[in-house]
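Take a look at the letters that make up each chain.
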Amino acid sequence: MGLGKTLQVLAALPAEAPVAVVAPAIAKAVWRDEIARWRPDFSASVFKGRGSFRWPRAGEVVILNPELLPAEPPPGEPEGLVLVLDEAHLFKGRKALRSKRARALAEKSARVWACTATPLLRDPADLWTLLSILKLGVEAFGGWIGFLREFNAVHGRYGLVWGAPRSTAAEKLRRVTLRRTKKQVLAEIPAKSRQFVSIEITSSLAKELDSAWAELGDSEHARKSRLEEILAGTAPGIARLSRARELLAQAKALAVEELIEQLEE
């Protein structure tokens, strides 16, 4: 993490290409901000809510979380579509709904890229699922049979049994992957990095926050005076402000839980 995958993807985007980025909900705002920073020639649209999917226009990046992937991609996909799967290890399950929907979208795409800093820990079948979604399995291993050979798989009583990979397996995987390690870029990494994560809030929470803010007054002096009263417990707006803070904390907590799950995985 933090070695520049997002920047590499953005730098490689062809000018005026239509682009779809599928990323966890917690990372959508990060993609939006990085696009504005590194590729201002592209516009960014963040999708919210089921049924919001549409094809990107030329020079546009649409950003959606896996839960918003359509069951069936609509007709009329744009020419030269680039599909980016962020946190690509999430698409390792062959039978998982998000993997099936990502595969359907990949079939409509001219290019499919994936990025992740998380290893696939269970068995090589997860790697094959991802490679097949990316349409890279044949290029890397010559096909399923070649993949089985490289990982010394045999048919056991209850299905495939995976052996130790051959020394050539990593070499063949490098045909379709670009890997950066911390050692390679250690001199470029700052001592500590901080990242601001924007979260989505509901319209009802936004109204609650706006109302609580409005009670503080229109000027900075009025708000400061009102806040002093609230902190002293002498202002009638303390209940509304406390409720707004509670709801905002709950919204942040849900985002933190999702982030922790990603880090654990």
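Residues numbered from 1 in each chain as written. Predicted model: local features only at pLDDT ≥ 70, side-chain atom pairs only at ≥ 80, totals over all residues. Heavy atoms only, no water.

Enquirer: Lay out the overall build of the protein chain in plain terms, naming residues and giving numbers.
Expert: Scanning the protein chain for helices and strands turns up 10 helices and 7 strands. Computed over its C-alpha atoms, the radius of gyration of the protein chain comes to 23 Å, more than 25% above the 18 Å expected for a compact globule of 265 residues. Along the longest, intermediate and shortest principal axes, the C-alpha atoms of the protein chain span 75 × 45 × 40 Å. Going through the 265 residues of the protein chain one by one, you find that 36% of them count as buried. Restricting to contacts in the protein chain with at least 6 residues of sequence separation, those with at least 24 account for 62%. Working note: accessible area of the protein chain is about 16,400 Å², and carbon and sulfur atoms make up 54% of it. Taking the average place of the 40 positive charges on the side chains of the protein chain and the average place of its 32 negative ones, the gap between the two points comes to 6 Å. (Helix = DSSP H or I, 4+ residues; strand = E, 2+ residues; numbered from the N terminus. Rg over C-alpha atoms; globule rule 2.2 N^0.38 Å. Buried < 20%, exposed > 50% of the residue type's maximum accessible area, 1.4 Å probe, protein only. Contact = heavy atoms within 4.5 Å. Areas by Shrake-Rupley, 256 points an atom, 1.4 Å probe, with all protein chains shown as cover. Lys, Arg positive; Asp, Glu negative; His and termini not counted. Charge placed at Lys NZ, Arg CZ, Asp CG, Glu CD.)

Enquirer: Before we move on, can you summarise the environment of Phe 47 with the specific residues and values?
Expert: Locating Phe 47 in the fold gives a position in the loop between strand 2 (43–46) and strand 3 (60–64). Considering only alpha carbons, one finds Phe 47 and Lys 252, 205 residues apart in sequence, at a separation of 19 Å. In this structure Phe 47 touches Lys 28, Ser 52, Phe 53, Arg 54, Val 62, Ile 63, Leu 64, Asn 65, Leu 68 and Glu 200, once residues within four positions along its chain are discounted.

Enquirer: Which residues make up a nonpolar patch on the surface, and what are the values?
Expert: Taken together, the side chains of Met 1, Leu 259 and Leu 263 make up a nonpolar region of the molecular surface, amounting to roughly 330 Å² of accessible area. For Leu 259, the location among the structural elements is in helix 10 (residues 238–264). Taking the relative accessible area as the measure of exposure, Leu 259 reaches 32% and is therefore partly exposed. (Patch = residues over 30% accessible without salt bridge, like charges linked within 9 Å, V, L, I, M, F, W, Y side chains within 5 Å. Salt bridge = Lys/Arg side-chain N within 4 Å of Asp/Glu carboxyl O.)

Enquirer: Tell me about the environment of Glu 188, residues and numbers included.
Expert: Structurally, Glu 188 can be placed in the loop between helix 7 (168–173) and helix 8 (203–214). On a C-alpha basis, the gap between Glu 188 and Glu 200 in space is 32 Å, while along the polypeptide they are 12 residues apart.

Enquirer: How would you explain the layout of surface pockets if you had to name every residue and give the values?
Expert: Taken as a whole, the second largest pocket spans an internal volume of roughly 540 Å³. Residue lining of the second largest pocket: 21 residues in total, with Ala 25, Lys 28, Ile 199, Glu 200 and Ile 201 positioned closest to the centre. For the lining of the second largest pocket, the element with the most residues is helix 10, which contributes 4 residues. For the lining of the second largest pocket, the per-class residue count stands at 11 nonpolar, 4 polar and 6 charged. (1 Å grid on protein atoms, 1.4 Å probe; cavity = no way out; pocket = protein on both sides within 12 Å on 5 of 7 lines; lining within 4 Å. Points joined across faces, edges and corners; volume = space filled by probe spheres on them. Nonpolar A, V, L, I, M, F, W, Y, C, P; charged D, E, K, R; others polar.)

Enquirer: Summarise the packing of helix 1 (residues 5–12) against helix 2 (residues 28–38); cite the residues concerned and give the values.
Expert: Two measures define how a pair of helices packs: the angle their axes make with one another and the distance between the axes. Two elements in contact, helix 1 and helix 2, have axes whose closest approach is 10 Å; the angle formed by their N-to-C orientations is 55 degrees. Relative to helix 2, the element helix 1 lies oblique. Every pair of crossing elements has a handedness; the one defined by helix 1 and helix 2 is right-handed. Contacts between helix 1 and helix 2 involve Thr 6, Leu 7, Val 9 and Leu 10 from the former and Trp 31, Glu 34, Ile 35 and Trp 38 from the latter. In terms of residue class, the contact of helix 1 with helix 2 is made up of 6 nonpolar, 1 polar and 1 charged. (Axes fitted to C-alpha atoms, helices over the stretch in contact; angles between N-to-C directions. Parallel < 35°, antiparallel > 145°, perpendicular 65-115°, else oblique. Left-handed = near helix turned anticlockwise from the far one by under 90°.)

Enquirer: How would you summarise the packing of aromatic side chains if you had to cite specific residues and measurements?
Expert: Per the stated rule, a full pass over the model turns up 11 aromatic pairs. Between Trp 144 and Trp 162, the aromatic rings sit 6.3 Å apart at their centres with planes inclined by 80 degrees, giving edge-to-face as the arrangement. With a gap of 18 residues between them, Trp 144 in helix 6 (residues 144–150) and Trp 162 in the loop between strand 7 (159–161) and helix 7 connect regions that are remote in the sequence. Summarising the aromatic geometry, the rings of Phe 147 and Phe 151 are spaced 4.7 Å apart at their centres and angled 40 degrees between planes, so their arrangement reads as tilted. The exposure class assigned to Phe 147 is buried, which follows from its relative accessible area of 0%. Judged by its relative accessible area of 11%, Phe 151 is buried. (Phe/Tyr/Trp six-rings, centres within 6.5 Å; stacked < 30°, edge-to-face > 60°.)

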